[in-house]
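# Descriptive analysis of the structure
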Amino acid sequence: MRDKVVGILGGGQLGRMLAASASLLNVKVVILDVGESAPAKQVIAPISPTLAHVDGSFADPQKIRELADKVDVLTVEIEHVDVGALEAVQNVPRPTPLAIHPSPATVHTIQDKFRQKEHLASRGCPISDFLPVEPNEESIRTAAQQLGLPLMLKSRTLAYDGRGNFVVREIPQIPEAISFLSKRPLYAEKWVPFIKEVAVMVVRTVDGEVQSYPAVETVHKNNICHLVFAPLRSRDATLPRRAREVAEAAVKTFTGAGVFGVEMFLVEDGSLYINEIAPRPHNSGHYTIEACETSQYENHLRAILNLPLGSTALKVPSAVMLNLIGHSSSMDEIDAIVNVALAVPGASVHLYGKSECRKGRKMGHITVVADSDAQLRTRLRPLLESLPSSTPEEIDRYAPPPPAPGSGFSDPQPLVGVIMGSDSDLPVMLPAARILDRFHIPYELTIVSAHRTPDRLVEYARSAAARGLRAVIAGAGGAAHLPGMVASMTALPVIGVPVKGSTLDGVDSLHSIVQMPRGIPVATVAINNGMNAGLLAVRILAAGTPSLVTAMEEYLKELESDVMGKVKTLEEVGWEKYEVKRT
Ligand SMILES: Nc1ncnc2c1ncn2[C@@H]1O[C@H](COP(=O)(O)OP(=O)(O)OP(=O)(O)O)[C@@H](O)[C@H]1O
Ligand SMILES: [Mg+2]
């Protein structure tokens, strides 16, 4: 299988990353693109004179034939290719048949965004309303009357990085829209008031089996993908799964193997709409190189070569991808941020080797991986700060600084939730917070009452894992239902702190928490011992974080030397003069 030669139509950054991945598997690759130094051609030398890269356009039928003659499998890094030429080469008789992935029919449907929408609508995939329009004022005005304003006008073909889009906010803007979109074939989409953009990469085998990568959040700036956060965090625990289901179902409606990028909109009521699908590796899947067990590029190659697919699972807790977009014709700004990135732990720099830098051109990207979302944001912050186009609001929004330890405010990316049934429990829970501060573990602290705020309790517990929490400490007095109810609604470990009340000395609460029925365990610490709850949370997190094991060992050594100091003092001064210090 690995003796097969793969031909890629297009030699940009996606082709470059595909080629780099192919070299690891020793898969031979021939690239079709203009010139000798397209980004993809730079990373993979021609294997032999007969397998030399092809110099020409991926839209030129003659050059597509030339490439097809050299290879066993054709694939694309861009959908704007000549489909007629693909179909023609597929029908040329040859000793071994030529495989084309994705299929020319899929490329044909997807490369015209209007045709793509018709396809998705007819297969029952969720999309917003859309209409065909002619590039004239009357037609667009009629569409605006039907779909409302703002209206998203899009080029049907050859659009990328939002360059084929125009948002018509007022009717008088229509002539400007027509001239901006240069009388290209157009269609109109209903404006989607999304609260988040979500994407899922899906890989499809030759036999039509699909596997999806984790859902991610994408952030666009000036219509260009700016940031991708993996995994998608949400208060709605069902969202990541639903996004994968929508994406998988959509990809199943197409033919041919390979990866597909599915871009979606999330709206306020939790519904998802598909924005568009790319039949190839996608910008929102760059993060998979460092963050997943198999990258989108390797899985694309495995799929088109009919090899077993690799796992799509995340192998790090948190990742972000930042696109390096040209700011001007100079590379100076990009070089500056790369220099910063080289000093950031967990950051991997990818530069595409494009011949010229231009405003709005994708010149590279940086992926950062981290042990937690909070660590990720701390690592991302200096990168955003060194981007000349970042505003202070954007920096604080996407990479908020952690609150100072002891400031009394929750971290926006907590790993531990410290909750209590009543504000009167605060003095008991504060030692837990102090311990988490000491071990630099991001946490949130709030009041959730099982009896007085039951809806809040359900929302809190159900969303805890999807928001990125890894453990919950719950303190409650009296009948103390909080820890048990939280444990029943999350798979995370829950530590209960019995709080001493005024009548039964906390024994009531201790029994309520410790006597959980089989199947729903709550780790229970001693009455009023918030400190031990904090320490137990650190130990739970340490199970997956070696640096925390070391920190906990140091803490235990400190406890030991503290006691050894007391042994020495007791020997020196004798117990009659020894002063007991209460902490
Ligand atoms: N109907 C819509 N309602 C609201 N916003 C939209 C709509 N369609 C597109 N957008 C916004 O414009 C961005 C770019 O749109 P689209 O994906 O259609 O363009 P593109 O040129 O294919 O971009 P890319 O190459 O980055 O995928 C979207 O990510 C979204 O932010
Ligand atoms: Mg898009």
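Quick summary incoming for the structure in this document. (Residues numbered from 1 in each chain as written. Chains lettered and ligands numbered in written order. Predicted model: local features only at pLDDT ≥ 70, side-chain atom pairs only at ≥ 80, totals over all residues. Heavy atoms only, no water.)

## Observations concerning the site of ligand 1
- Near ligand 1 lie 20 residues; those nearest to it are Lys154, Asp161, Gly162, Glu197 and Glu276.
- A distance of 2.9 Å separates an oxygen atom of ligand 1 from a polar side-chain atom of Lys113.
- Asn223 is positioned with one of its side-chain polar atoms (N or O) 3.0 Å from an oxygen atom of ligand 1.
- Only strand 7 (151–155), strand 9 (186–190), strand 14 (258–266) and strand 15 (272–278) provide two or more residues apiece to the shell around ligand 1.
- Among the residues making up the shell around ligand 1, the classes are represented as 7 nonpolar, 5 polar and 8 charged.
- If you count residues domain by domain, the shell around ligand 1 takes at least three from each of domain 2 (129–190) and domain 3 (194–396). (Near = heavy atom within 4 Å. Polar contact = N/O pair within 3.5 Å; in protein donor to acceptor, adjacent residues only side chain to side chain. Helix = DSSP H or I, 4+ residues; strand = E, 2+ residues; numbered from the N terminus. Nonpolar A, V, L, I, M, F, W, Y, C, P; charged D, E, K, R; others polar. Domains from an automatic or database assignment.)

## Overview of the environment of Lys4
- Tracing the backbone through its elements, the reader meets Lys4 in the segment before strand 1 (5–9).
- Judged by relative accessible area, Lys4 falls into the partly exposed class, the value being 34%.
- Expressed as a C-alpha distance, the spacing of Lys4 and Val73, which sit 69 residues apart in the sequence, is 7.3 Å.
- Apart from residues no more than four positions distant in its own chain, Lys4 is found in contact with Val27, Lys28, Asp72, Val73 and Leu305. (Buried < 20%, exposed > 50% of the residue type's maximum accessible area, 1.4 Å probe, protein only. Contact = heavy atoms within 4.5 Å.)

## Side note on a nonpolar patch on the surface
- The grouping of Val563, Met564 and Val567 at the surface amounts to a nonpolar patch, some 250 Å² of accessible area in total.
- Of note, Val563 is situated in helix 20 (residues 546–573).
- Using a relative accessible area of 46% as the deciding quantity, one classes Val563 as partly exposed. (Patch = residues over 30% accessible without salt bridge, like charges linked within 9 Å, V, L, I, M, F, W, Y side chains within 5 Å. Areas by Shrake-Rupley, 256 points an atom, 1.4 Å probe, with all protein chains shown as cover. Salt bridge = Lys/Arg side-chain N within 4 Å of Asp/Glu carboxyl O.)

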